[in-house]
Protein chains: 2
Amino acid sequence: MHALVRRTHEDRVLRALQENGAMSRGEIARVVGLSRTTLSEITGNLLQRGAIVVVDTDASLREGSGRPAERLALDPSSAQFMGVDFGHRRVHVAVADASHKILVSGAVRYDDTASWQTRTGLALELIERLGSGAGVHYGALQGVGIGVPGPYPAPDGAAWPRDSRGATVLHPAPEGVDVAFAERFGAPVIVDNNTRLAALAEAITGADSVSDLVYVRLSDGVGGGLVVGGQLVTGSGGLAGELGHVTVAPAGRPCRCGKRGCLETVASVPGILAACWEFGLRLENLDDLAAAVARSHPVADRVLREAAATLGRVIGSATMILNPAKVVIGGEITRLAPVLVEQAAATLAAEIFPTASAGPAVEAARLSDEDGALGALAAVFHNSPLLARYPETAEVKGRSDAPDATTERAAHVRP
Amino acid sequence: MHALVRRTHEDRVLRALQENGAMSRGEIARVVGLSRTTLSEITGNLLQRGAIVVVDTDASLREGSGRPAERLALDPSSAQFMGVDFGHRRVHVAVADASHKILVSGAVRYDDTASWQTRTGLALELIERLGSGAGVHYGALQGVGIGVPGPYPAPDGAAWPRDSRGATVLHPAPEGVDVAFAERFGAPVIVDNNTRLAALAEAITGADSVSDLVYVRLSDGVGGGLVVGGQLVTGSGGLAGELGHVTVAPAGRPCRCGKRGCLETVASVPGILAACWEFGLRLENLDDLAAAVARSHPVADRVLREAAATLGRVIGSATMILNPAKVVIGGEITRLAPVLVEQAAATLAAEIFPTASAGPAVEAARLSDEDGALGALAAVFHNSPLLARYPETAEVKGRSDAPDATTERAAHVRP
């Protein structure tokens, strides 16, 4: 059976079991509309991989042979979806079951100079450790989402932003970061920039999912991601969503990208701390900033409001351009200093058509920086309509034909 | 037969005739893979509507009955695609055959206070007049694209931008502008803002079509349109692409939208003429401006460069946000003053990551303001891959079941 056809059949069988609980093969065949022969092949493979288990034998149902019918169910210890978020200094992993409940999650640190081979190895070790600790197995993964810190797919060398000393400004994951996971788990892998995946997670999380969203994250830098018309946006060269490098002050502070006065120089955590120093308030880190906010320090308040107003002008321009339903501002600093979101929303309101109801909702992110793996997970939840047209970066041919499973890379071309 | 199924069959038959020239029914059936019965129904209907004609009888081919086989071909006088561009003061129409060759085109003026009923009536009269003058009939239209000056679909009343006196800033076409055309021609109708349709036309015209494009048009106002990931972008409320109302100078000139210092106040034709007046150069219109440019008047040059630099900063921000492959600047003024595009491109280059090859191509529009109907046409050319996922606003049920043909409105929801 062709691998894609089998995957589709498998999905339907797993979904039917998720929705209906334990069922006999005959019941499953009727619900998903497969022949008994095809269904037996599918369930045999799923049983072998541990995705499903025999829960009991229903004596009131009889197979064609006259034997009592076995009832099958999802294996509650079988992971279905995996999200992996590679940060600059650690990797987060979260694994969910068929109902999207998190089964296990965890993180492991590495040095920010660690190679991608090292990072991948550490992530795979962590995943094994988490699984064996909790009795969770990965024989039936439906998909793996991987978030990486740089743009993805990486622009070609010539197009890659470098600073004046030739150092890369953004750190791309190498082509093929997906292959190790595809080979290990025999499941489709989606790789994208982790800020983009966070944008997707914010768009589809909760009851009020939206099709048009602008996401910006304030941390060591300022990143962003866009969902437009229900699609994650990559741009022509993988660089879409770089709101942090919109120029806000042509004569402003030098930015690591080689320009001056980028939003990032004003609204990133280092940018905000530097501005506080300029006004005589010496803060070393976010904890110091939180303490200054807690005692309503006027310098902290002024710097935060000015940074937020600048941010508000940039997301205001983005709103005029894209007309999103929602603008989400993420990053730990927004939790410590809620004024950032309040002031950005107020400034944005003055940047758009002066009718209140025409503006987007402006909200703090629901997911924290620690939740990056949930963004990656969001990318693989099968029922996400946002992903129906999003390219998978690796699809395993003949997923259970290991050990000679090979991977193919889908072209990054919109249909 | 279900209308959509029939349309699909019809498309395949028409395309086969377009690609292969005259064919017998038997040949068509083989090429498109339809049964002879279904094909006879399709060709009978197409013959009746005049989309195809019997060109000759090929004695070397015999039908099942033993009669010599008729060969069928596209009727060269049969219109296949229609583009209609409603401007503020006139409507342009262009009609193309199956090979996308323009068969007829024309325009008719109306007062800018004319009702939509009047405008629609004048457009339909023009279309009839053009057709009968050139011997072109509309019995086999595959689709009608309609451009309208305001955002479309119109935002709801509360969200609609109004100025301080309560007047609407942008002029929406009423819901249902499509129905008159759908009923008259029994063809699917796509309606959208005409600047957006121009963006689509720029994206798909020529050999180097792109999936990510930012389009801005400088005329009485400044409008824009976006193609992102191969899709025209409407935004959550139909307001995407309003680059003209990005704030560029918070204390600048009042804008008709109720804000101050929008790009439109600086880079529209009236904005540029007003700036020339401020510096003592009294120009009444574009002709005067063209004359000043021709004699290299320093005030005109300075004003144009400053307007273009401001434009460059806005499209630079849009480029950082969307990473388009191409930025297109339209409007008659860009033909009279090429410095606008040159300076905007130079400024944009300084706004993005400082690596030359990462930037988009910045070009003057290929289509002129008079070519709006071509933008609308672009929206209905069947072989546009960009449109595969774009919502049709009206689909006729049972297109040949007139006179009781009714229209249904597809929900403006992304799948």
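Within an unreviewed UniProt entry, the label attached to chain A reads ROK family transcriptional regulator, and the organism entered is Streptomyces similanensis. Comment text from UniProt for chain A, heading Sequence similarities (unreviewed entry), reads "Belongs to the ROK (NagC/XylR) family."

Caption draft 1: Broad picture of the sheet that holds strand β8 (residues 189–193) of chain A. Residue and element names in this part refer to chain A. Strands sit in the order β6-β5-β4-β7-β8 across an open sheet of five strands; the sheet is mixed. Every other strand in the sheet has two partners, leaving β6 (102–109) and β8 as the edge strands with one partner each. Along the sheet, successive strands turn relative to each other by an average axial angle of 15°, direction set aside. The sheet contact formed by strand β4 (residues 81–86) and strand β7 (residues 143–148) spans five bridges and is parallel. Considered in β7, the bridge of F81 is made with G143. Relative to β6, helix α4 (residues 116–134) is tilted by about 140°, and along the sheet it contacts β4, β5 (90–96), β6 and β7.

Caption draft 2: Quick peek at the side chain of E264 of chain A. Residue and element names in this part refer to chain A. Note that E264 resides in helix α7 (residues 263–267). Classification of E264 as buried rests on a relative accessible area of 5%. Beyond its immediate sequence surroundings of up to four residues, E264 is in contact with G221, V222, G244, H245, C255 and R256.

Caption draft 3: Just unusual backbone geometry, in detail. Residues and elements named next belong to chain A. The phi torsion at S296 lies on the positive side, around 50°, for a residue other than glycine. Here S296 is to be found in the loop between α9 (286–294) and α10 (298–322). A relative accessible area of 59% means that S296 is categorised as exposed. One non-glycine residue, N323, lies in positive phi territory at about 50°. Mapping N323 onto the fold places it in the loop between α10 and β12 (326–330). On the accessibility criterion, N323 (4% relative accessible area) is buried.

Caption draft 4: Fine view of the pairing of β7 of chain A. Residues and elements named next belong to chain A. The buried fraction of β7 amounts to six of the six residues, a majority that puts the element mostly inside the structure. Bridge count between β7 and β8: five bridges; the pairing is parallel. Counted as the bridge partner of I146 is V191 from β8.

Caption draft 5: Broad picture of the packing of aromatic side chains. Applying the stated criterion to the full structure yields eight aromatic pairs over all chains. Ring plane angle 75° and centroid distance 5.7 Å describe the contact between Y138 of chain B and F185 of chain B, whose orientation is recorded as edge-to-face. Of this pair, Y138 of chain B sits in the loop between α4 (116–134) and β7 (143–148) while F185 of chain B is found in helix α5 (residues 177–185), placing the two residues 47 residues apart along the sequence. Each member of the pair, Y138 of chain B together with F185 of chain B, is buried. Chaining the aromatic ring pairs together yields one cluster made of F86, W116, Y138, F181 and F185 of chain A. Above the ring of W116 of chain B, the side-chain terminus of R119 of chain B is found at 5.1 Å from the ring centroid.

Caption draft 6: Spatial organisation of the packing of helix α8 (residues 269–278) of chain A against α10 of chain A. Residue and element names in this part refer to chain A. Remark: α8 packs on α10, axes separated minimally by 9 Å, with the N-to-C direction vectors making an angle of 135°. Judged by the inter-axis angle, α8 sits oblique to α10. The hand of the α8/α10 crossing is right-handed. Contact residues: I272, A275 and C276 in α8; V299, A300, V303, L304 and A307 in α10. The residue inventory of the contact of α8 with α10, partitioned by class, reads eight nonpolar, no polar and no charged.

Caption draft 7: Representation of the pairing of strand β12 (residues 326–330) of chain B. Residue and element names in this part refer to chain B. Counting buried residues in β12 gives five out of five residues, a clear majority hidden from the surface. Neither face of β12 is left uncovered, since the one carrying K326, V328 and G330 and the one carrying V327 and I329 both have all their residues buried. Pairing of strand β9 (residues 213–218) with β12 involves five bridges; the strand directions are parallel. Within the sheet, the bridge partner assigned to V214 lies in β12 and is V327.

Caption draft 8: Region of interest: the layout of surface pockets. Residue and element names in this part refer to chain B. Size it by volume and the second largest pocket reaches roughly 1,200 Å³. What lines the second largest pocket is a set of 42 residues, among which H88, R217, S219, D220 and G221 lie closest to the centre. Sorting the residues of the lining of the second largest pocket by element identifies β5 (90–96), α6 (194–204), β9, β10 (222–228) and α11 (332–336) as the ones contributing at least two each. Residues of the lining of the second largest pocket, tallied by class, amount to 10 nonpolar, 16 polar and 16 charged. In this structure, the lining of the second largest pocket is formed jointly by two domains, domain 2 (77–206 + 367–415) and domain 3 (210–365), each of which donates at least three residues.

Caption draft 9: Seen up close, the sheet that holds β7 of chain B. Residue and element names in this part refer to chain B. Spatial strand order, β6-β5-β4-β7-β8: five strands in an open sheet with mixed pairing. The outermost strands of the open sheet, each flanked by one partner alone, are β6 (102–109) and β8 (189–193). In this sheet, adjacent strand axes meet at a mean angle of 15° when their direction is disregarded. This element, α4, spans β4 (81–86), β5, β6 and β7 of the sheet and lies at about 140° to β6.

Caption draft 10: The arrangement of the confidence of the model for chain A in detail. Scored by pLDDT, chain A has a mean of 82; 81% of the residues are at 70 or more. Considering only residues more than four positions removed or in separate chains, one finds that residues 382–415 of chain A, a stretch of pLDDT under 50, has 90 contacts.

Caption draft 11: Region of the structure containing helix α6 (residues 194–204) of chain A. Among the 11 residues that make up α6 of chain A, 10 are buried, leaving the element largely enclosed by the rest of the structure. Those residues of α6 of chain A that sit buried are N194, T195, R196, L197, A198, A199, L200, A201, E202 and A203 of chain A.

Caption draft 12: Examining helix α3 (residues 36–49) of chain B more closely. Residues and elements named next belong to chain B. The first and last C-alpha atoms of α3 sit 20 Å apart over 14 residues, in line with the 20 Å expected at 1.5 Å per residue. Those residues of α3 not exposed but buried are L39, I42, T43, N45, L46 and R49. Each buried residue of α3 lies within a common arc of 160° when the element is viewed along its axis, so the set occupies one face. Of the exposed residues in α3, those oriented more than 90 degrees away from the buried face are T37 and Q48.

Definitions and limits used
In every chain, residue numbers begin from 1 and rise along the written sequence. As they are written, the chains are lettered A onward and the ligands numbered 1 onward, keeping that order. Since the coordinates come from a predicted model, pLDDT governs what is reported: local features require at least 70, and pairs of side-chain atoms require 80 or more to be given and counted, while whole-chain, interface and lining totals use all residues. Processing note: side-chain calculations cover all non-hydrogen atoms of the structure and skip hydrogens and water entirely. UniProt positions are given in the numbering used here, feature names are shortened, and annotations may be inferred rather than shown by experiment. Pairing between strands is defined by DSSP: at least two bridges between them are needed. Put simply, DSSP H or I for four residues or longer makes a helix, DSSP E for two residues or longer makes a strand, and each gets a number counted from the N terminus. Inter-axis angles, ranging from 0 to 180 degrees, are taken between N-to-C directions of lines fitted to C-alpha atoms, where helices are fitted over the stretch in contact. Residues count as neighbours in contact if any of their non-hydrogen atoms are within 4.5 Å of one another. Working definition: with a 1.4 Å probe on protein chains only, accessible area under 20% of the residue-type maximum means buried, over 50% means exposed, and in between means partly exposed. The pairing test for Phe, Tyr and Trp rings, Trp by its six-membered ring, is centres within 6.5 Å, and the orientation test on the planes gives stacked under 30 degrees, edge-to-face over 60, and tilted for anything in between. We call a charge positioned over a ring when the NZ of a Lys or the CZ of an Arg lies within 6 Å of the ring centre and within 35 degrees of the ring normal. Angles are sorted into four bins: roughly parallel if under 35 degrees, roughly antiparallel if over 145, roughly perpendicular if 65 to 115, and oblique for all others. By definition, turning the near helix anticlockwise from the far helix through less than a right angle yields a left-handed crossing, and turning it clockwise yields a right-handed one. Residue type decides the class: Asp, Glu, Lys and Arg count as charged, Ala, Val, Leu, Ile, Met, Phe, Trp, Tyr, Cys and Pro as nonpolar, and the leftover types, Gly among them, as polar. A pocket, in this scheme, is an open set of points on a 1 Å grid over the protein atoms alone with protein on both sides within 12 Å along at least 5 of 7 lines, while a cavity is a set where a 1.4 Å probe fits but cannot get out; residues line either one if an atom lies within 4 Å of a point. Grid points are joined across faces, edges and corners, and a volume is the space filled by probe spheres set on the points. Bear in mind that the domain bounds are from an automatic or database domain assignment. Per-residue confidence from the predictor is reported as pLDDT, a score between 0 and 100. To estimate the expected span of a helix, count its residues, drop one, and scale the result by 1.5 Å. Each direction from the helix axis to a C-beta atom contributes to the arc, which is the arc of those directions.

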